[in-house]
Amino acid sequence: MKRAVFPILLLVLAGRAAAMPAIDLTADTPAVRLDHVQPGAAQRLPDGETLRGYTFEPAARPQVILTPAAGALDPAGELRLRVQNAMPWAVTLEVDLEGSGGARLHAAVGLPAGPPQTLVLPLHATSPRAFGMQAGPPMPFEDHGERVLVATTVEGTPALHAVRTLRLSVPAPQAPQTVLLGRLTAAADTTLHAAYAGIVDRYGQYTRAAWPEKIASDAALRAAQAGAPAAPMREGLDRYGGRLAARGEATGWFHTQKLGDRWRLVTPEGHEFFSIGVNAVAVDGGRSYVEGREWMFDGLPPDQGPWAAFHGHGEDRSQTGAAAGLAYHQGEWFDFYAANLYRADGTQWREAWRRRTRGRLEAWGVNTLGNWSDEAVARGRNLAYTRSINITGDYGNVATGYDYWGRMPDPFDPRFVQAADRAVAQATAGVRDDPWLLGYFVDNELAWAAPGAQGRWALAQGTLRGEPGSAAKQAFLAMLERKYGDALKLGVAWGIGVTRWDALAATGFQPPAPDQAHPAIAEDYAAWLRAYAEQYFRVVAQSLRRHDPHHLFLGGRFAVRTPEAVAACAKWCDVLSINVYADLPQHGMDSGRLRTLDRPVLVSEFSFGSTDRGPFGTGPVAVWNEAQRGEAYARFLAAAAADPIIVGAHWFDYADQPATGRLLDGENAHLGLVGITDLPFGSFVDAVKAANTAAQRAR
């Protein structure tokens, strides 16, 4: 969901006393040129600052161009502008810098309405990832009494040592926009560090904001946790949460059934069950690295006494795509969430949390414990639960160029078959006879495709780029040989100069991109994608049926995906699971194509985030505030419940991510039903409860 940007902008940049040289924009100067911008008269603010008015005209890129004299802004680590946006809405200002030797920097900042502030631009590329997190702290902030807005994301050159040109532009205004400009000064690079200093308190909460659930003392935390959740509403439901009024076949296990054009899950007792789940209901999600950035934390508990149990050490994860370029990605961490549970409940905090969480989920209308959750919360306690088959081992892999969570496993490698069987055996141990188990997922968000127009073919092309010993590459070449016989025929069909099969077998072979002139390329790639996915899902499905013939195979939790992979999953799985990050489920998947596969769909992840409850990120789908989170949840779930092929939706996730980033990849979004202190977000869970109740009745 996006907020409208109004066409008129008022931006104020005022002078600021500085020891270093400056460019004064309050008077005419040869250093300033205007492109579709008209100058106005200088003004004096009540605090004594002098500003000059400018009007940005409707154009593709109206801009103020500053060309300082040689050395006028050198040496410097940051540029500082006094800024005031007098409009009643946030506006966007783009800043572009050019330096010597072709060095360039670019930043886009959102200027909030309100009093004057200092816009700070670091003269080097940076992003929140350089500080160990995916989203940076909100701007502006108070720095020694000064309102400061730091460009926390700057793209371009690692360092720019000589400023030759600076451009300030407003992107494509539809009407004149008045701006006031003052002095541009250079300074040492200190403000970026200050933007991240002391941003988290001892409870893991953001220090520079307030919200209703924020706590200030241990006593307040204990008092807030003392209230019991409302009793669950189980009228009209069987003990598994199935609707008594909707009968199906009773098999003793959760299963699927299609009546007319509507798919449904059915409880062991034979009643329709719409799976309303929550992912990551666990106590270990509040861990964040502290080593090397202790200066970000105010009152961090020591690694001794009772707090030692909440300190630990993590490994370097920088080799995965998710953690690429992430600083502070190893070493000592602190578990803020678990430490807060200890503060509230004492030494028996884990069991107290399980009881409290179980009661909350039932009271909120949640009937399924989603992936990565503590099963002790659910098993035998009026909650269905799921398990994950996590396949790991020393087997081959294929790079797609996306590889966010790692390369694709090579399902043609015999070692993969062995690893899959071990993973299935482990996942099914002790639960194959438990009727409360809904079913099993396998892996999560594998790189079946890559972004971009040609991303559908990434796995096929990645296979052909592989080494001659790759089991997947050998299988692909064998498939092509069976079709063409002679490599020359393939070369003609693909429009490439290949006459021998060993040319394709060589490491680093560059496969062609499909085009209209050579339709065989897309046909062959599509056939391979289907064969690859069928091999993967067949290996897992056959192993699962040997180890557990009772429970559902819930699919592979697709994110990026191809039609071929989804079709193969439908052939071997009982349910298609898709992680959908969109305003409605139908906007995040091809419902028409899915209906042709004749398999039910489980939305295995969805969420909506805002930035008004502490963490800095919103996740993939942002809304403006907490109230809109509840509204978005209700719309999404109602649309899922009304869809004849969707049999459930699982929220991601139970608790907020740490403000300074989780261990895995630095994600730091406000997505939780509860905060880092384990306190529920009251207005949101009220909306969730109402939506869950309505969704059950709608079926």
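Positions within a chain are numbered from 1, following the residues in the order the chain's sequence is written. With the structure being a predicted model, the display of local features is reserved for residues of pLDDT at least 70 and the display and counting of side-chain atom pairs for 80 or more, all residues being used for whole-chain, interface and lining totals. Remark: hydrogens and water are excluded; side-chain values derive from all non-hydrogen atoms of the structure.

Q: An account of the pairing of strand β19 (residues 262–266) is requested, with residue identities and associated values reported.
A: Whether a residue is buried, partly exposed or exposed follows from its accessible area with a 1.4 Å probe, protein chains only, as a fraction of its type maximum: under 20%, in between, or over 50%, in that order. Counting from the N terminus, the helices are the DSSP runs of H or I reaching at least four residues and the strands are the DSSP runs of E reaching at least two. Burial analysis of β19 places five of its five residues in the buried class, the great majority of the element. Of the two faces of β19, the one carrying Arg-262, Arg-264 and Val-266 and the one carrying Trp-263 and Leu-265 are both buried. Here the rule is simple: two strands pair whenever DSSP picks up at least two bridges between them. Of the strand pairs in this sheet, strand β18 (residues 255–259) and β19 are connected by five bridges, and their pairing is antiparallel. Bridge pairing in β19 places Leu-259 opposite Arg-262. Where β18 folds back onto β19 in an antiparallel hairpin, the turn is made up of two residues, including Gly-260, whose phi is positive at roughly 65°. Turn length for the β19-strand β20 (residues 271–273) hairpin, with the two strands adjacent in sequence and antiparallel, is four residues, and the turn residue Gly-270 shows positive phi of about 95°.

Q: Can you tell me about the packing of aromatic side chains, naming the residues and giving the values?
A: The description of two aromatic rings rests on the distance between their centres and on the angle between their planes. Side-chain rings of Phe, Tyr and Trp, where Trp is taken by its six-membered ring, are said to pair if the distance between their centres is within 6.5 Å; with planes under 30 degrees apart they count as stacked, over 60 as edge-to-face, and otherwise as tilted. Applying the stated criterion across every chain yields a total of 38 aromatic pairs. Residues Phe-412 and Tyr-532 carry aromatic rings whose centres are separated by 5.9 Å and whose planes lie at 75° to one another, so their mutual orientation is edge-to-face. Of the two residues, Phe-412 sits in the loop between β28 (408–409) and α5 (414–428) while Tyr-532 sits in helix α10 (residues 519–547), which places them 120 residues apart along the sequence. Judged by relative accessible area, Phe-412 falls into the partly exposed class, the value being 22%. Owing to a relative accessible area of 0%, Tyr-532 belongs among the buried residues under this scheme. Of note, Arg-557 hangs over the ring of Phe-441, and the distance from its end group to the ring centre comes to 4.6 Å. Only Lys NZ and Arg CZ are tested; either one counts as a charge over a ring when it is within 6 Å of the ring centre and within 35 degrees of the ring normal.

Q: Requested: an account of the sheet that holds strand β31 (residues 576–579), with residues and values cited.
A: Paired through backbone hydrogen bonds, the strands of a sheet run either parallel or antiparallel to each other. Read across the sheet, eight strands follow the order β30-β29-β26-β25-β21-β33-β32-β31 without closing on themselves; strand pairing throughout is parallel. Each edge of the open sheet is held by one strand with a lone partner, namely β30 (552–553) and β31. In this sheet, strand β26 (residues 384–389) lies alongside strand β25 (residues 368–369) in parallel orientation, the contact comprising two bridges. Bridge assignment links Thr-368 to a residue of β26, and that residue is Ala-384.

Q: Can you lay out the packing of α10 against helix α11 (residues 563–572) for me, pointing to particular residues and giving the numbers?
A: Interaxial angles span 0 to 180 degrees and are taken between N-to-C directions of axes, which are lines fitted to C-alpha atoms, for helices over the stretch in contact. Where α10 meets α11, the closest approach of the two axes is 8 Å, and the angle between their N-to-C directions is 30°. With respect to their mutual orientation, α10 and α11 come out roughly parallel. Our pair here, α10 against α11, has a crossing hand that is right-handed. Two secondary-structure elements touch here, α10 through Ala-526, Leu-529, Arg-530, Ala-533, Glu-534, Phe-537, Arg-538, Ala-541 and Gln-542 and α11 through Glu-564, Ala-565, Ala-567, Ala-568, Cys-569, Lys-571 and Trp-572. Looking at the contact of α10 with α11 residue by residue, the classes come out as ten nonpolar, one polar and five charged. Orientation is classified from the angle alone, with under 35 degrees giving roughly parallel, over 145 giving roughly antiparallel, 65 to 115 giving roughly perpendicular, and any other angle giving oblique. Left-handed describes a crossing whose near helix is turned anticlockwise from the far helix by less than a right angle; the clockwise case is right-handed. We call two residues in contact whenever any of their non-hydrogen atoms come within 4.5 Å of each other. For this classification, Asp, Glu, Lys and Arg are treated as charged, while Ala, Val, Leu, Ile, Met, Phe, Trp, Tyr, Cys and Pro are nonpolar and the rest, including Gly, are polar.

Q: Before we move on, could you go through the pattern of salt bridges and cite the residues and values that matter?
A: When a carboxyl oxygen of Asp or Glu lies within 4 Å of a side-chain nitrogen of Lys or Arg, that pair is called a salt bridge. All chains considered together, the criterion is met by 37 salt bridges. Among the salt bridges present, the one from Arg-538 reaches Glu-534, with a minimum N-O distance of 3.9 Å. Within this pair, Arg-538 and its partner Glu-534 are both found in helix α10, separated by four residues, close to a single helical turn. Among the salt bridges present, the one from Glu-534 reaches Lys-571, with a minimum N-O distance of 3.2 Å. Of this pair, Glu-534 sits in helix α10 while Lys-571 sits in helix α11, placing them 37 residues apart in sequence. Lys-571 gets classed as partly exposed once you look at its relative accessible area, which sits at 47%. Bridged by salt links that share partners, the residues Asp-345, Arg-356, Arg-360 and Asp-678 form one connected network.

Q: Now, about the confidence of the model for the protein chain: what can you tell me, with residues and values included?
A: Confidence in the prediction of the protein chain, expressed as mean pLDDT, is 92, and 96% of residues score 70 or more. A low-confidence stretch, residues 1–19 (pLDDT under 50), is modelled with 75 contacts involving residues beyond four sequence positions or located in other chains. The pLDDT value tells you how sure the predictor is about a given residue, anywhere from 0 up to 100.

Q: Before we move on, could you go through unusual backbone geometry and cite the residues and values that matter?
A: Omega for the bond connecting Met-139 with Pro-140 falls within 30 degrees of zero, at -5°, which places this linkage in the cis form. Its place among the elements puts Pro-140 in the loop between β10 (117–122) and β11 (141–143). Here Phe-652 and Asp-653 are connected by a cis peptide whose omega angle stands at 0°. Mapped onto the secondary structure, Asp-653 falls in the loop between β33 (646–651) and α14 (682–698).

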